[in-house]
Structures are given as C-alpha cells and as structure tokens.
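Topology and contacts: notes
Here's the letter readout for the chains.
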Amino acid sequence: MRHAPGDEPPETPAGPARLRLSLLAGVIALVVAIAVTAVTGGLLLAPLVALAAGLSAWIAAGCALRPVGALARRYRDLDTGAPGGLPEPTGDDEIAGLTRTLADALERRRDAADRRLAFVGEAAQALQAPIADLRADLRVADADGEPDAVRRALADLDRLQATAGGLLLLARLRAGEQPPREIVPWFEVMTAVRNPSGVDVLVEGDLATLVLGARTHLALLMQHALEAAAANADGAVTVRIGRIDDVVVLRVDDDGPPVPPDGRDAAFTVGAGVDADGGLALAVVDEIVRAHGGTAQLEESPRGGSRLRVELPAVAAAPSPT
C-alpha cells in the first residue's frame, strides 16, 4: 500500500517473533532471579524477584500492545480526513488481522461518506430547475395576473413534488432499503404501473415471466423506465418482457431521438438531462436493477430511438416430480 509523501506508517510488529522474544526475556530474567534467591537463601531478595518478574511482564506487554496503540492513533487520524492508509499487514498474527479489519471498516466509512456527498450534489442539481421555473411563473402570475401563468406554476409544483419524491426514493435505495422479496409474474408488476400521458404504450412478450424481487421495487422500476422512455419519445413506447436462457430481459423502446453512444453511461446519473427529470428516472431504475443482481444499459432501438435493456436473474425452474 502506498503512502502520501510525509505520511509515515505507524510502527508495525515484525510478527509473533518479537512478542516471543519479549516473553522469553521476561521468563529468563524471572528464572535467574529465582535461582539467585534459592542459592543465597536470601529472603531479602524476594522483593527484587517480584520486581524483576513485574518488569519483565510490563516490557512484554508493552512490546505486544505498542502496535495496537499505533494502529488506533493512525485510524483516528485517517477517520478525520488525513491522507494515506493503514500499513499493509505482512503476517497472519492477531495484529495483522486487526489491521485488515480496521482497513475494511475505514474503506466502508469512506465509501458511505462519498455516496452521501454525491447524493447531496445530485439532489441540489435536480431541484434547481423546477424551483427556478416555479419562481419565474409565480412572478409572472403576480405581475400580470395571468391564469396561464398560474397553471404553469401548478405544473411546475407537481414536477417539483415528483422530483423530491424521486430523490427520497433514490436515497432509500442507496441506503439499502430491502422490502421482502417474492416470485412475481410480470403481469402483476404491470398492473401497478400507470401509462405516461402523451404517448402510446404497447406491451409485448411473455407477461407470465417470473421474477424474484420486491414487488414494490419492480413496479417502481417499470414506472420510471416508462417515464424515461416517454420523455424522449415522439409518441410511442414499446415494452417487451421475456426470458432468454437464465436471464429475464426487459426492453423499453422509444421512437424519439437516440441517445448518442458516448452519453449512454452518463444517462443514469442525476442531472444528465436525458429524461424530463434530468436522469433521475434512469438513476432509480439502475439502483433497483443492481439491488436485484441485474444490469441496465441504453442501446440503439431498431425503432429509431433508444432502448433501455434490463437483465435480471431468472427464477430457477422447480424440479419436476418423480
């Protein structure tokens, strides 16, 4: 493991050998002291024997615990933002195991902090546009008293509410929300989904396809996939579901302008602007799919627009009765 310049790693033990040598030195000192006492028969040396034994034990314990204290100090420094990392353990003793455990815990804390910071930035960016639109429409309505401006403001308010709801959902998903999972036929998922306004939605394929997942999350996946496609479509969206080998494949096609290849990965980021919510719908889709052990990607649709392709693990077939 590399360390930043000036970032010296704490002292680490050479392994169990150092502790064994320390203990051996203590034992030898104790044996010598006892031998001297026995030869001289001097009771006056008894305090010296006890002192030698205590000193030996103190030295051995200090040698054994010094690396633990160094690790604790280094962990506190890193947890408060210091650069670098913990020393790379070289052995298989208890200190090496403790070092690996602390390194794993520190990495998880840093990942969680990075995800929280990223979400705050995404939330701020996603809310900027609807808030600005709402403010502008309300100012026009206040100045001119136009009913159309009021209606636009109400539409902006609905959009703002939907965006806030999507961000809260995204936060719950990234926090690891896991509703109970069950085997669900896809037609039951579709019954909880409403068609977006302004587009025609055609559903094809085998709607009896089974998926193991959280029913509410699968419905949210389908709803946000439809909304993202509808935002990009000229007037038609096609949904097709089916099983290919050991994978359930969901394809959502639109007839709008295709997303260019160099922008497809970024389309799943909040603020990308690919759909009406600035990438929020596809970000929700991606989080739900990954939580179910699947993948989501954008492709070019044979209908001329873009295709959202989602792959989920298929439900294993039940063994036939014998």
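Here is what the cut-offs are and how they apply
- Residues numbered from 1 in each chain as written.
- Predicted model: local features only at pLDDT ≥ 70, side-chain atom pairs only at ≥ 80, totals over all residues.
- Heavy atoms only, no water.
- UniProt positions renumbered as here; feature names shortened; annotations may be inferred.
- Helix = DSSP H or I, 4+ residues; strand = E, 2+ residues; numbered from the N terminus.
- Contact = heavy atoms within 4.5 Å.
- Polar contact = N/O pair within 3.5 Å; in protein donor to acceptor, adjacent residues only side chain to side chain.
- Buried < 20%, exposed > 50% of the residue type's maximum accessible area, 1.4 Å probe, protein only.
- Core = buried A, V, L, I, M, F, W, Y, C linked by side-chain atoms within 4.5 Å.
- Axes fitted to C-alpha atoms, helices over the stretch in contact; angles between N-to-C directions.
- Parallel < 35°, antiparallel > 145°, perpendicular 65-115°, else oblique.
- Left-handed = near helix turned anticlockwise from the far one by under 90°.
- Nonpolar A, V, L, I, M, F, W, Y, C, P; charged D, E, K, R; others polar.
- Salt bridge = Lys/Arg side-chain N within 4 Å of Asp/Glu carboxyl O.
- Pairing = 2+ DSSP bridges.

Where an unreviewed UniProt entry is consulted, the chain appears under the name histidine kinase, with the organism given as Tsukamurella pulmonis. Annotation of the chain in UniProt includes, under Catalytic activity (unreviewed entry), the sentence "ATP + protein L-histidine = ADP + protein N-phospho-L-histidine."

Some points on the environment of R303
Following the sequence through the fold, R303 ends up in the loop between β6 (295-300) and β7 (306-313). Sequence separation of R303 and A236 is 67 residues, and the distance between their C-alpha atoms is 9.8 Å. Discounting residues that sit within four places of it in the chain, R303 has contacts with E204, T238, D253, D254 and D255. Polar contacts involving the side chain of R303 include one to the side chain of T238, which spans 3.4 Å.

Brief notes about the side chain of H217
The topology assignment puts H217 in helix α6 (residues 215-232). A relative accessible area of 4% means that H217 is categorised as buried. The residues touching H217, leaving out its near neighbours within four places in the chain, are L173, E177, P179, I288 and H292.

Structural notes on the nonpolar core
In terms of nonpolar packing, the biggest core is built from 44 residues, with W186, M222, L250, V252, L308 and V310 touching the most fellow members. Contributions of two or more residues to this core are made by α4 (147-174), α5 (186-191), α6, β4 (236-244), β5 (247-254), α7 (280-291), β6 and β7. Discounting chain neighbours no more than four positions away, the residues touching V252 are M222, A225, A229, V237, T238, V239, S306, R307 and L308.

Structural notes on the packing of α4 against α7
When two helices pack together, their arrangement is given by the angle between their axes and by how far apart the axes lie. Running from N to C, α4 and α7 cross one another at 25°; their axes reach a closest spacing of 10 Å. Between α4 and α7, the interaxial angle falls into the category roughly parallel. Note on packing geometry: the crossing formed by α4 with α7 is left-handed. Facing α4, whose interface residues are T163, G166, L167, L169, L170, L173 and R174, α7 presents L280, A283, V284, E287 and I288. Grouping the constituent residues of the contact of α4 with α7 by class yields eight nonpolar, two polar and two charged.

Some words on the pattern of salt bridges
Within the structure shown, the criterion is met by nine salt bridges. Residue E227 is joined to R194 by a salt bridge in which the shortest nitrogen-to-oxygen separation is 3.5 Å. Of this pair, E227 sits in helix α6 while R194 sits in the loop between α5 and β2 (200-205), and the two are 33 residues apart along the sequence. Classification of E227 by relative accessible area gives partly exposed; the value is 24%. Here R290 makes a salt bridge to E287, at a shortest N to O gap of 2.9 Å.

Here we look at the pairing of strand β3 (residues 210-213)
Where burial is concerned, the two faces of β3 differ: the one with V211 and G213 is buried and the one with L210 and L212 is not. Across four bridges, strand β1 (residues 182-185) lies against β3 in antiparallel orientation. By the bridge assignment for β3, E182 is matched with G213.

A closer look at the sheet that holds β4
Spatially, five strands are ordered β2-β4-β5-β7-β6 in an open sheet, and the strand pairing comes out mixed. Edge strands, defined here as strands with exactly one partner in the open sheet, are β2 and β6. Taken pair by pair, the neighbouring strands of this sheet meet at an average axis angle of 15°, ignoring direction. Here β4 runs beside β5; their pairing, made up of eight bridges, is antiparallel. Each bridged residue has a counterpart across the sheet, and for V239 the counterpart in β5 is V252.

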